[in-house]
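Below, each chain spelled out in residue letters.
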Amino acid sequence: QVQLAESGGGSVHTGDSLRLSCRVSGLSFTNRHMGWFRQAPGKNREFVAAISWRGTTFYADSAKGRFTISKDNTETTFYLQMSSLKPDDTAVYTCGIEDSPYTDYVNRGNQYDFWGRGTQVTVSA
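Conventions and cut-offs
Residues numbered from 1 in each chain as written. Predicted model: local features only at pLDDT ≥ 70, side-chain atom pairs only at ≥ 80, totals over all residues. Heavy atoms only, no water. Phe/Tyr/Trp six-rings, centres within 6.5 Å; stacked < 30°, edge-to-face > 60°. Helix = DSSP H or I, 4+ residues; strand = E, 2+ residues; numbered from the N terminus. Buried < 20%, exposed > 50% of the residue type's maximum accessible area, 1.4 Å probe, protein only. Lys NZ or Arg CZ within 6 Å of the ring centre and 35° of its normal.

Caption draft 1: Just the packing of aromatic side chains, in detail. Inspection of every chain in the model, using the stated rule, returns six aromatic pairs. Here the aromatic rings of Phe 37 and Phe 47 are separated by 5.5 Å at their centres, their planes lie at 70 degrees, and the arrangement is edge-to-face. One end of the pair, Phe 37, is in strand S4 (residues 33-39); the other, Phe 47, is in strand S5 (residues 46-52), with ten residues separating them in the sequence. Note on Phe 47: relative accessible area 11%, which makes it buried. Relative to Trp 115, the ring of Phe 37 lies with its centre 5.3 Å away and its plane at 70 degrees, an arrangement referred to as edge-to-face. On the criterion of sequence distance, the pair formed by Phe 37 in strand S4 and Trp 115 in strand S10 (residues 114-115) is long-range, its members being 78 residues apart. Assessed through its relative accessible area of 28%, Trp 115 is described here as partly exposed. Among the aromatic side chains, those forming a connected cluster through ring pairs are Phe 37, Phe 47, Tyr 112 and Trp 115. Residue placement shows Arg 45 over the ring face of Phe 37; its charged tip is 5.7 Å from the ring centre.

Structure follows, in structure tokens:
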């Protein structure tokens, strides 16, 4: 059984940093993409970042320069390091895995096959 579990969310202030973790069990990273999405109240889910099993990274424009996605060598956990956080970053952040080696749709949530439950990130001014 595939399970994804996020951790690391919390309440911070503008300019602070947070590191989210997504622990994965029941699935390897090989030939797959791991991604982070977020959903703010009243808004649609949006892509934040993704990483391929080879380590290639993809970022939404809103994340470039501030967020870094990475994975560990044991292929059990991947991360989202967030810095210079802003109130607009407030959302529920959810990790997911796309069961495909192809990069065409890494930014599309409907292409992901497995999801965690999400972790709340709140950034106050």
